[in-house]
Amino acid sequence: MQSLSLRCEPVHVDGHEGAGDWIRRLIYESPIVVLSRKGCFMCHVMRHLLASIGAHPSVIELEEAEASVAAATLPALFVGGKLVGGLEGLVGLHLSGALVPRLVQAGAIGSY
């Protein structure tokens, strides 16, 4: 069985840009982004599914106070700056065969 490497590195927002602006900019500048709460098992499953096809998203783990505001919508996957949805949306794209082409188009992976 192949071992998947999942990295999670902390990123800090400087004082020149608010957290909300920084997150919006990251979503539009990165090919694939996952917003999550710390320890979210659904995010873990999303990251493993994406890693299994060669995509490594930027993962933003929100603090508990921030996550409680967005609790109904976490985890949230963005591909090419557009919201895909949560784990259900990701699995739906994958099962329909539309995930890989969308990741290729966004530049998250090379041709598969």
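Residues numbered from 1 in each chain as written. Predicted model: local features only at pLDDT ≥ 70, side-chain atom pairs only at ≥ 80, totals over all residues. Heavy atoms only, no water.

So the rule is basically this: UniProt positions are given in the numbering used here, feature names are shortened, and annotations may be inferred rather than shown by experiment.
As annotated in an unreviewed UniProt entry, the protein is Glutaredoxin from Rhynchospora pubera. Regarding the protein, the UniProt comment filed under Subcellular location (unreviewed entry) reads as follows: "Cytoplasm". Note on the protein: under the UniProt heading Sequence similarities (unreviewed entry), the record states "Belongs to the glutaredoxin family. CC-type subfamily."

## With respect to the environment of Gly 39
Note the threshold: By definition, any uninterrupted DSSP run of H or I lasting at least four residues is a helix, any uninterrupted run of E lasting at least two residues is a strand, and each is numbered from the N terminus.
Among the structural elements, Gly 39 can be located in the loop between β1 (32-37) and α2 (41-52). For the pair Gly 39 and Glu 61, spaced 22 residues apart in the sequence, the C-alpha separation amounts to 8.6 Å.

## Considering the pairing of strand β4 (residues 82-85)
Under the convention used in this document: Should DSSP find at least two bridges between two strands, the strands are regarded as paired.
The sheet contact formed by strand β3 (residues 76-79) and β4 spans three bridges and is antiparallel. Residue pairing for β4: Leu 77 is matched across the bridge by Gly 85.

## A look at the pattern of salt bridges
So the rule is basically this: When a carboxyl oxygen of Asp or Glu lies within 4 Å of a side-chain nitrogen of Lys or Arg, that pair is called a salt bridge. Buried, partly exposed and exposed residues are distinguished by accessible area as a fraction of the type maximum, computed with a 1.4 Å probe on protein chains only: under 20%, between the cut-offs, and over 50%, respectively.
Here the structure, examined in full by the defined rule, presents two salt bridges. Taking the shortest distance from any N to any O, the salt bridge between Arg 24 and Asp 21 comes out at 2.9 Å. You can see Arg 24 and its partner Asp 21 sitting in helix α1 (residues 19-29), three residues apart, about one turn around the helix. With relative accessibility at 47%, the residue Arg 24 sits in the partly exposed group. For Asp 21, a relative accessible area of 42% gives the class partly exposed. Put simply, Glu 29 and Arg 25 hold a salt bridge, and the shortest N to O gap is 3.1 Å. Of this pair, Glu 29 and Arg 25 both sit in helix α1, four residues apart, which is roughly one turn of the helix.

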